[in-house]
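The chain contents come next:
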Amino acid sequence: MAGIYVHIPFCKSRCIYCGFYSTVQLNLCKPYINAVCKEMHMRKEYIKGEKFSTVYIGGGTPSTLNGEELETLFCNMFEVFDISDNAEITMECNPNDIDVHFIKTLKRLPVNRISIGAQTFSDKRLRFIHRRHSAEEVYNAVKLLRSAGYNNLSIDLMFGFPGETLNEWLTDIDKALSLNVEHISAYSLMYEEGTCLYKMLENGEVKEIDEELSLSMYNALVSKLTTNGYEHYEISNFARPGYRSRHNSSYWQQVRYIGLGAAAHSFDLKSRQWNISEINKYISEINKGNVPMEREELDSNTIFNDIITTSLRTCEGINLNYISNKLGEDYKNNILENADRYIKEGLVKISNDHLKLTKDGIYVSDAIMSNLMIV
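Source: prediction; values computed, not measured. (Residues numbered from 1 in each chain as written. Predicted model: local features only at pLDDT ≥ 70, side-chain atom pairs only at ≥ 80, totals over all residues. Heavy atoms only, no water.)

Some points on the overall build of the chain
- Each helix and strand counted, the chain has 15 helices and 15 strands in total.
- On C-alpha atoms alone, the chain measures out to a radius of gyration of 21 Å, which is about the 21 Å that the 2.2 N^0.38 rule sets for 375 residues.
- In terms of overall dimensions, the chain has a C-alpha envelope of 60 × 50 × 45 Å along the principal axes.
- Across the 375 residues of the chain, 54% fall into the buried class.
- A separation of at least 24 residues holds for 71% of the contacts in the chain among residues at least 6 apart in sequence.
- Just so you have it, the chain exposes about 17,100 Å², and 47% of that area is on carbon and sulfur atoms.
- Charge centroids of the chain, computed over 40 positive and 49 negative side chains, lie 5 Å from each other. (Helix = DSSP H or I, 4+ residues; strand = E, 2+ residues; numbered from the N terminus. Rg over C-alpha atoms; globule rule 2.2 N^0.38 Å. Buried < 20%, exposed > 50% of the residue type's maximum accessible area, 1.4 Å probe, protein only. Contact = heavy atoms within 4.5 Å. Areas by Shrake-Rupley, 256 points an atom, 1.4 Å probe, with all protein chains shown as cover. Lys, Arg positive; Asp, Glu negative; His and termini not counted. Charge placed at Lys NZ, Arg CZ, Asp CG, Glu CD.)

What follows is the structure, encoded as C-alpha cells:
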C-alpha cells in the first residue's frame, strides 16, 4: 500500500508561527487545482502496481476551496490512482469553515477523516497567533461533524505560548478531552526562522517559556491523555484504540507516497523529490508539461538516518531486523554500539528486536537521534 499527499497552500490569513508554504492569493485556487490534477496525470506511474491506502489533503487550509474545486480534485484523483475501498482519506479544516453549507460539500466527497486546527481554546491566544476562528467555533465544528456522521476526528493543539501557565495548558487539555475526538496531535509552539513569530522573538516582543515549564506541560499532556484512554503512539500524537493516523504512520514506517502540488514531497524508497515552493511558477511549469521539482537519490547511509529520525519517534521504535535485512548487519551493529550508552542510562531499551525510547528518552529524543545517525 502507498499514500497520496496533496498540498493546498491557500489561507485566508497567515498565522504568525507557520513555517509551511502558503499563500493568501485565493484568486489562484481554481488554476492551482487544475494544475494539481494535471500533475496527477503526468505522474501516474510514479508508484506502480500498488493500491493507495491513505490520502491526506493538507496545507495551508484545504477548507478554503469551494465545492467545485474539491470535487474536481477528488474526481481526477480517483480516475488516476487505484485507491483502496477502505482508504483513510483525511482533510485538514479550519474550524470556522465548517458550517452547514460546508458539511453538504463534504458529504459529496470521499473524505472520512477530518483534522481540525484548534490549536488552543483561549480566544486571547488564538488572536495572538492570528487564527481566524474562536474557541466556540471548535465546539460547533465538532458538533456539526458528529451530526453529519463523521466518527474519525482529530484536533491539533499547541502549548508553550509566551506567558502561558501550566494551569492554562491543563485547561486546554481538559477542553480537548471534553470533545471526545478520536485523535489529538499536540506540539510545542516553534519559533521557526522566517516566520513573524521568529521576528517578534528577535525584536524582544515575546519571550519563549523556559525548558522546565515546557517539560512540565508535555508531562501533563502525556499523563492526562493516556489516563483518559488515548494511546501515545508517536512523540506528538495520541489516538483512541484503532484510530491512529494511518497516513502519518506511513511516513514513520518507510511507506512509499506521492506528494502533489507546490512544495509537496514524494518518496519511492529509493529517492525523495520535492516540488518548488512558489505557486505561480508551479502552475506555469505544470501547464507547460513540466513537473518543477528537485530530486535526491538515497544512499544506504541516508536511508539509515531517515529510519532513525522517523521510526524512533514511534512507540514501536526501530525494527532492528528490518535494518539488518534492508541495509546489512553492519548497520544494525552500528546502531547497537551507539545506543549502548543510552540503554545504560535508561533512555532507550530493546524489546522484541525493536529499539525504543523510554519515557525519559522522549525528552532528549533529538540528541539521541542525532548521535545514532551516521554523519
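Quick notes on helix α11 (residues 300–311)
- Here α11 contains 12 residues, and its C-alpha end-to-end distance of 16 Å stays within 8% of the 16 Å for a straight helix at 1.5 Å per residue.
- By the burial criterion, the buried members of α11 are Ile303, Phe304, Asn305, Asp306, Ile307, Ile308, Thr310 and Ser311.
- As for α11, its buried residues are in contact with α9 (246–252), β11 (271–275), β13 (318–319), α12 (320–327), α13 (329–344) and α15 (365–372). (Expected span 1.5 Å × (residues − 1).)

Some points on the side chain of His232
- Mapped onto the secondary structure, His232 falls in strand β7 (residues 231–234).
- Residue class for His232 comes out buried when judged on its relative accessible area of 18%.
- Polar contacts involving the side chain of His232 include one to the main-chain carbonyl oxygen of Glu234, which spans 3.2 Å.
- The residues contacting His232, other than those within four sequence positions of it, are Tyr218, Val222, Thr226, Asn237, Phe238, Cys315 and Ile362. (Polar contact = N/O pair within 3.5 Å; in protein donor to acceptor, adjacent residues only side chain to side chain.)

As for the pairing of strand β15 (residues 354–357)
- The sheet contact formed by β13 and β15 spans 2 bridges and is antiparallel. By the bridge assignment, Asn319 is partnered in β15 with His354.
- Note that strand β14 (residues 348–351) and β15 share 4 bridges and pair antiparallel. Across the sheet, Ile350 pairs through a bridge with Leu355, a residue of β15.
- In this antiparallel pair of consecutive strands, β14 and β15, the connection spans 2 residues, and Asn352 shows a positive phi of 50°. (Pairing = 2+ DSSP bridges.)

Brief notes about the environment of Glu88
- Tracing the backbone through its elements, the reader meets Glu88 in strand β3 (residues 83–93).
- Taking the C-alpha atoms as reference points, Glu88 and Leu269, separated by 181 residues in sequence, lie 21 Å from one another.
- The residues touching Glu88, leaving out its near neighbours within four places in the chain, are Ser53, Thr54, Val55, Asn112, Arg113, Arg244, Ser245, Arg246 and His247.
- A polar contact of 2.9 Å, which involves the side chain of Glu88, links it to the backbone nitrogen of His247.

Looking at the packing of α13 against α15
- Two numbers describe how α13 lies on α15: the axes approach to 9 Å, and their chain directions differ by 145°. Handedness of the α13/α15 crossing: right-handed. For the pair α13 and α15, contact is made by Asn334, Ile335, Asn338, Ala339, Arg341 and Tyr342 and by Ala367, Ile368, Asn371 and Leu372, respectively. (Axes fitted to C-alpha atoms, helices over the stretch in contact; angles between N-to-C directions. Left-handed = near helix turned anticlockwise from the far one by under 90°.)

Considering unusual backbone geometry
- Here the amide bond leading from Gly59 into Gly60 is cis, since omega sits at 20°, within 30 degrees of zero.
- The phi angle at Leu269 is positive, at roughly 80°, despite the residue not being glycine.
- Position of Leu269 among the secondary structure elements: in the loop between β10 (265–267) and β11.
- Taking the relative accessible area as the measure of exposure, Leu269 reaches 30% and is therefore partly exposed.

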